[in-house]
Amino acid sequence: MSYVSLLKACAKKKDLQRGMDVHSAMLKTACGLLETNPFIGSSLIHMYAKCGDLSKAQNVLDELPVRNSVCWNAMISGYAQQGQGKEAIYCFNLMQREGFSSHAITFTSVLKACGSIGALDKGKQIHEMIVRERLLGEDIVLGNALIDMYAKCNVLTKAQQVFDGLPNRDVVSWNALISGYTKHGHYMEALASFAKMKMEGLFPNPITLTSILKACGTIGAFEIGKQIHHEIVSKGLMNVNPVLGNSLMDVYARCCRLIEAEQVHDHLHIRDVVSWSTLIAGYVQQGQDYEALNCFESMQGENVDPNAVTFAYILKA
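Parameters and conventions
Residues numbered from 1 in each chain as written. Predicted model: local features only at pLDDT ≥ 70, side-chain atom pairs only at ≥ 80, totals over all residues. Heavy atoms only, no water. Helix = DSSP H or I, 4+ residues; strand = E, 2+ residues; numbered from the N terminus. Expected span 1.5 Å × (residues − 1). Buried < 20%, exposed > 50% of the residue type's maximum accessible area, 1.4 Å probe, protein only. Contact = heavy atoms within 4.5 Å. Core = buried A, V, L, I, M, F, W, Y, C linked by side-chain atoms within 4.5 Å. Arc of directions from axis to C-beta. Phe/Tyr/Trp six-rings, centres within 6.5 Å; stacked < 30°, edge-to-face > 60°. Lys NZ or Arg CZ within 6 Å of the ring centre and 35° of its normal. Axes fitted to C-alpha atoms, helices over the stretch in contact; angles between N-to-C directions. Parallel < 35°, antiparallel > 145°, perpendicular 65-115°, else oblique. Left-handed = near helix turned anticlockwise from the far one by under 90°. Nonpolar A, V, L, I, M, F, W, Y, C, P; charged D, E, K, R; others polar. Salt bridge = Lys/Arg side-chain N within 4 Å of Asp/Glu carboxyl O. Polar contact = N/O pair within 3.5 Å; in protein donor to acceptor, adjacent residues only side chain to side chain. Disulfide = S-S within 2.5 Å.

Caption draft 1: A look at helix α14 (residues 206-219). The end-to-end C-alpha distance of α14, which contains 14 residues, comes to 20 Å, matching closely the 20 Å that a straight helix rising 1.5 Å per residue would cover. Those residues of α14 not exposed but buried are T208, L209, S211, I212, L213, A215, C216 and G217. Here the buried face of α14 lies against α12 (171-183), α13 (187-199), α15 (222-234) and α16 (242-254).

What follows is the structure, encoded as structure tokens:
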């Protein structure tokens, strides 16, 4: 197996130690490869970035005698994926100074970085570059990244404009928009977008449903929450994604429907600290303190450790 294939396998499994062993073996037996084969360098950077060791990835990049756009993209993507937005943007700026052309994959990573740290001005610059190079109509992933960036930066009118201008929209496009509306408290807009999504024939995934359930719980939209509950059950999503169960419980608890919240809780295959805390919080908020205390005892009986939220509500009870 070639070094590139080995490094890809290590990156996929996030096996840092094996990747370091491959790197070491390569330096001992084929030390000239880094100078002659740029794909080896980019594979090394990608492996270290995927394994979370960005300092080693940066060292590899710094020591390469010849760098190409693949190396830069691997480094920028690594920083963006690990939530180091400033470093990703700095790396992108260096890439530009060295005269390398940016592609859709580069812009997607940088937009993710901009969204994570709220770098709106840089995000707008990237948007202008994308428009200039006429990339937006060709790559839905890039369009989704733009929507997500504007939504995270709380510029929801621009997020909606980009969304409306996309020639094609998938579930990720809708998720970016709906999550943005929900995150920034525009719950009615989130629900309206959700309704339009369904009218276009797209079935929401767990990310969509979690955002919409949060909106339902916050504004007390019990009937919509109940409809979503039926959809989740009919699609068998409850057992696949326990977060949905917790979100449903939160809707029912906030809507003063503790019997329904209990029923969801009882049917969960996995009950974690969030599940128990959500139900306990619902009891306390509705003045049912004894039920909250009984629930806390049951939680301990299932050997689930309470967290700060659980203790706060139990002390209040």
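Caption draft 2: Structural context of the nonpolar core. Core analysis: the largest hydrophobic core is formed by 98 residues, its most contacted members being I45 and I232. Apart from the residues lying within four places of it in its own chain, the contact partners of I232 are L209, L213, L237, M238, L244 and L248.

Caption draft 3: Examining helix α7 (residues 85-97) more closely. Taking 1.5 Å of rise per residue, the 13 residues of α7 would be expected to cover 18 Å, and the 19 Å separating its terminal C-alpha atoms lies within 8% of that figure. Considered for burial, the residues of α7 that qualify are G85, A88, I89, C91, F92 and M95. Buried residues in α7, looked at end-on, bunch into an arc of 160 degrees, giving them a common side. Of the residues in α7, the exposed ones pointing more than 90 degrees away from the buried face are K86, Y90 and R97. Of the surrounding elements, those touching the buried residues of α7 are α5 (54-63), α6 (69-81), α8 (104-117) and α9 (120-132). Positive backbone phi, approximately 85 degrees, marks G99, located one or two places after α7.

Caption draft 4: Representation of the packing of aromatic side chains in the model. Here the structure, examined in full by the defined rule, presents four aromatic pairs. Taking 4.6 Å as the distance between ring centres and 70 degrees as the angle between the ring planes, the aromatic pair formed by F163 and W174 counts as edge-to-face. Residue F163 is found in helix α11 (residues 156-165), and its partner W174 is found in helix α12; the two are separated by 11 residues along the sequence. K235 extends its terminal NZ or CZ atom over the ring of F203, reaching a point 4.7 Å from the ring centre.

Caption draft 5: Highlighting the environment of V233. Its place among the elements puts V233 in helix α15. Here V233 falls in the exposed class, since its relative accessible area comes to 52%. Separated by 24 residues in the primary sequence, V233 and L209 have C-alpha atoms spaced 12 Å apart.

Caption draft 6: Region of interest: the environment of I126. Tracing the chain through its elements places I126 in helix α9. A sequence separation of 159 residues divides I126 from Q285, and the C-alpha atoms of the two residues are 46 Å apart. Ignoring anything within four residues of it in the chain, the contact list for I126 reads F92, F107, V110 and L111.

Caption draft 7: Molecular detail of the packing of α14 against α16. Running from N to C, α14 and α16 point in directions that differ by 15 degrees, and their axes come no closer than 8 Å. Overall, the two elements α14 and α16 adopt an arrangement that is roughly parallel. As for the relative orientation of α14 and α16, their crossing is left-handed in sense. Residues P206, L209, T210, L213, C216, G217 and T218 of α14 form the contact with α16, whose participating residues are V243, L244, S247, L248, V251 and R254. Grouping the amino acids of the contact of α14 with α16 by side-chain chemistry returns eight nonpolar, four polar and one charged.

Caption draft 8: The arrangement of the environment of S42 in detail. Counting through the fold element by element, S42 comes out in helix α4 (residues 38-50). Residues S42 and Q160, 118 residues apart in the sequence, show an inter-C-alpha distance of 36 Å.

Caption draft 9: Just the pattern of salt bridges, in detail. Evaluated as defined, the whole model comprises eight salt bridges. Here D53 and K56 are joined by a salt bridge, their closest N and O atoms 3.4 Å apart. Owing to a relative accessible area of 13%, D53 belongs among the buried residues under this scheme. Taking the shortest distance from any N to any O, the salt bridge between E231 and K198 comes out at 2.3 Å. With E231 in helix α15 and K198 in helix α13, this pair connects stretches of sequence that are 33 residues apart. Its relative accessible area of 15% is what places E231 among the buried residues. The class of K198 is partly exposed, set by a relative accessible area of 35%.

Caption draft 10: Broad picture of the side chain of D53. Structurally, the position occupied by D53 is in the loop between α4 and α5. One polar contact links the side chain of D53 to the main-chain amide nitrogen of K56, over a distance of 3.3 Å. Here D53 is in contact with L16 and Y48, once residues within four sequence places are set aside.

Caption draft 11: Structural detail: the state of the cysteines. Tallied over the entire structure, the rule returns zero disulfides. In this model C71 remains outside any disulfide bridge; the closest cysteine sulfur is found in C91, 10 Å from its own. Considering cysteine sulfurs only, C114 is the nearest to C153, which forms no disulfide, with 7.2 Å between them.

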